[in-house]
Amino acid sequence: MNPVLEEIISTGNTRTISGGIKKVIGQISPEEGKLIQDCINKTGAEISVEVGLAFGTSALYICDALFKSDKTRHYVIDPYQMYEDSYSGIGLNNLKKAGYENIVDFIDKPSHQALAELERKNVKADFAFIDGWHTFDHALVDFFLIDKLLRIDGIVILDDSDWKAVRKVCSFISNNRAYKFIGGTSKRSYINENVHRSGLKKYFNRMKNFFKGYVDDEQKRFGAMAFQKVSGDDRRWDHFVDFS
Ligand SMILES: C[S@@+](CC[C@H](N)C(=O)[O-])C[C@H]1O[C@@H](n2cnc3c(N)ncnc32)[C@H](O)[C@@H]1O
């Protein structure tokens, strides 16, 4: 494991660009990191796409695991990475410090724009991780556009699949698309705990609407869900299977 990721995991903190200490919030858990790396290893992924860089925790897990060759690329998308009041470029700096500058393509745009651009450029991905804006419509559009990039047998993981909106997207995928569910992580209460511990009330207020979404135990079962693409999209134009 690279030392930048190790510091985040062991201390819950990371470094600002000037070397100060910053509490990391919203990051994936080590269990989710393991799921990511298992999926990358399973497919021998060289090219990956990620929505939501934040402080770079998931990106560091991904870059550590990608098979390294001349083709290796990690496309990571986040329109708020450079904002002073959010991440101040720390995620990108962490990837650089970990030695991944040469394989990372950072796209400073909302995911619906960035992913469509990648499709136009004919980028093909082996692995994708969705952890951006967690409303149903945004997460579904992220999946829809990532499917255009993902090769057959490629794997997509949706983080926070215990949130009602993301859970619905997972249910849509299971019921309507040629993907098979291949694994998940236990439910995460990570953001909540971090927020309370660090007293970041402002952040919590921004996030709390999302927590209204929990419904039942079944939907809370997985903190992240991984789906493997089985085939291309050969549904009829009027195909629809209801999902809940
Ligand atoms: C929960 S954080 C991601 C955490 C990250 N996976 C980690 O492990 O550190 C969600 C991220 O999504 C980004 N985001 C929000 N809206 C977005 C959008 N429309 N497109 C892409 N990223 C977005 C936020 O800026 C934030 O960095």
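The structure presented is a predicted model; accordingly, all values stated were derived computationally and were not measured.

Each value, and the rule that gives it
- Residues numbered from 1 in each chain as written.
- Predicted model: local features only at pLDDT ≥ 70, side-chain atom pairs only at ≥ 80, totals over all residues.
- Heavy atoms only, no water.
- Near = heavy atom within 4 Å.
- Polar contact = N/O pair within 3.5 Å; in protein donor to acceptor, adjacent residues only side chain to side chain.
- Areas by Shrake-Rupley, 256 points an atom, 1.4 Å probe, with all protein chains shown as cover.
- Nonpolar A, V, L, I, M, F, W, Y, C, P; charged D, E, K, R; others polar.
- Buried < 20%, exposed > 50% of the residue type's maximum accessible area, 1.4 Å probe, protein only.
- Helix = DSSP H or I, 4+ residues; strand = E, 2+ residues; numbered from the N terminus.
- Arc of directions from axis to C-beta.
- Contact = heavy atoms within 4.5 Å.
- Salt bridge = Lys/Arg side-chain N within 4 Å of Asp/Glu carboxyl O.
- Pairing = 2+ DSSP bridges.
- Right-handed = clockwise from strand over helix to strand, strands pointing away.
- Axes fitted to C-alpha atoms, helices over the stretch in contact; angles between N-to-C directions.
- Parallel < 35°, antiparallel > 145°, perpendicular 65-115°, else oblique.
- Left-handed = near helix turned anticlockwise from the far one by under 90°.
- Core = buried A, V, L, I, M, F, W, Y, C linked by side-chain atoms within 4.5 Å.
- Phe/Tyr/Trp six-rings, centres within 6.5 Å; stacked < 30°, edge-to-face > 60°.

A.B. asks: Explanation requested: the site of the ligand in the structure shown.
C.D. replies: In the vicinity of the ligand lie 20 residues, with Ile28, Ser58, Asp78, Ser111 and Asp131 positioned nearest. Note that a nitrogen atom of the ligand is positioned 2.7 Å from one of the side-chain N or O atoms of Ser58. The side chain of Asp131 places a nitrogen or oxygen atom 2.7 Å from a nitrogen atom of the ligand. For the ligand, the accessible surface in isolation is 610 Å², of which the surrounding protein chains cover 94%. Residues that form the shell around the ligand fall into these classes: 11 nonpolar, seven polar and two charged.

A.B. asks: Where do I start with helix 1 (residues 3–11) in this structure?
C.D. replies: Because each turn of an α-helix spans 3.6 residues, side chains separated by three or four positions in sequence point in the same direction. Residues of helix 1 that are buried include every one of Val4, Leu5 and Ile8, and no others. For helix 1, the buried positions fall inside an angular range of 100° around the axis, keeping them on one side. Along helix 1, the residues that are exposed and aim more than 90 degrees away from the buried face are Pro3 and Ser10. Among the structural elements, strand 1 (13–15), helix 3 (57–65) and helix 4 (90–97) are those in contact with the buried residues of helix 1. Regarding helix 1, its N-cap is Asn2, as a side-chain oxygen of that residue lies 3.0 Å from the backbone nitrogen of Val4 further along. Gly12 sits one or two residues past helix 1 and shows a positive phi near 75°.

A.B. asks: What exactly am I supposed to notice about the pattern of salt bridges here?
C.D. replies: A side chain of one charge can pair with a side chain of the opposite charge if their charged atoms are brought near each other. Applying the stated rule across the entire model yields 11 salt bridges. With its nearest N and O atoms 2.6 Å apart, the salt bridge here joins Arg151 to Asp126. With Arg151 in strand 7 (residues 150–159) and Asp126 in strand 6 (residues 125–130), this residue pair connects regions lying 25 residues apart in the sequence. Given a relative accessible area of 29%, Arg151 falls into the partly exposed group.

A.B. asks: Mind showing me how you'd approach the pairing of strand 6 here?
C.D. replies: A regular strand places its side chains so that they alternate between the two faces of the sheet. Counting buried positions along strand 6 yields six of six residues, so the element is predominantly enclosed. By the bridge criterion, four bridges tie strand 3 (residues 47–51) to strand 6 in an arrangement that is parallel. Residue pairing across strands places Val49 opposite Ala128, the latter belonging to strand 6. Pairing analysis gives five bridges linking strand 6 to strand 7, with the strands arranged parallel. When the sheet's bridge partners are listed, Phe127 is paired in strand 7 with Ile155. Handedness of the crossover is the feature at issue here: the chain leaves strand 6, passes through helix 6 (residues 136–149), returns alongside strand 7, and the resulting connection is right-handed.

A.B. asks: Which parts of the structure should I look at to understand the packing of helix 6 against helix 7 (residues 164–176)?
C.D. replies: Geometry of a packed helix pair, given as the angle between the helix axes and the separation of the axes. Between helix 6 and helix 7, the shortest axis-to-axis distance is 8 Å and the interhelical angle comes to 40°. Taken together, the axes of helix 6 and helix 7 lie oblique to each other. Where helix 6 crosses over helix 7, the two elements pack in a sense that is right-handed. Seen from helix 6, the contacting residues are Phe136, Ala139, Leu140 and Phe143; seen from helix 7, they are Ala165, Lys168, Val169, Phe172 and Ile173. Looking at side-chain class alone, the contact of helix 6 with helix 7 contains eight nonpolar, no polar and one charged residues.

A.B. asks: Would you mind showing me how to read the nonpolar core here?
C.D. replies: Within soluble globular proteins, side chains that are nonpolar tend to cluster in buried spots. Within the largest apolar cluster, 35 residues are counted, with the highest numbers of intra-cluster contacts made by Ile36, Ile40, Leu60, Leu95, Phe127 and Ile157. Taken together, the elements giving at least two residues each to this core come down to helix 1, helix 2 (30–43), helix 3, helix 4, strand 6, strand 7 and strand 9 (222–229). Per element, the largest residue contribution to this core is six residues, and it comes from helix 3. The residues contacting Leu95, other than those within four sequence positions of it, are Leu53, Ala59, Leu60, Cys63, Val76, Tyr100, Glu101 and Val104. With 32 residues, the next largest nonpolar core counts Tyr75, Leu150, Trp163 and Cys170 among its residues.

A.B. asks: Any chance you could explain the packing of aromatic side chains here in plain terms?
C.D. replies: Each aromatic ring pair is summarised here by two numbers: the centre-to-centre distance and the angle between the ring planes. All told, the structure shown has seven aromatic pairs when counted by the stated rule. One aromatic cluster is present, built from ring pairs that chain together Phe172, Phe240 and Phe243.

A.B. asks: Can you help me understand the environment of Arg236 in this one?
C.D. replies: Of note, Arg236 is situated in the segment after strand 9. Here the side chain of Arg236 touches Asp238 through a polar contact of 2.6 Å, side chain to side chain.

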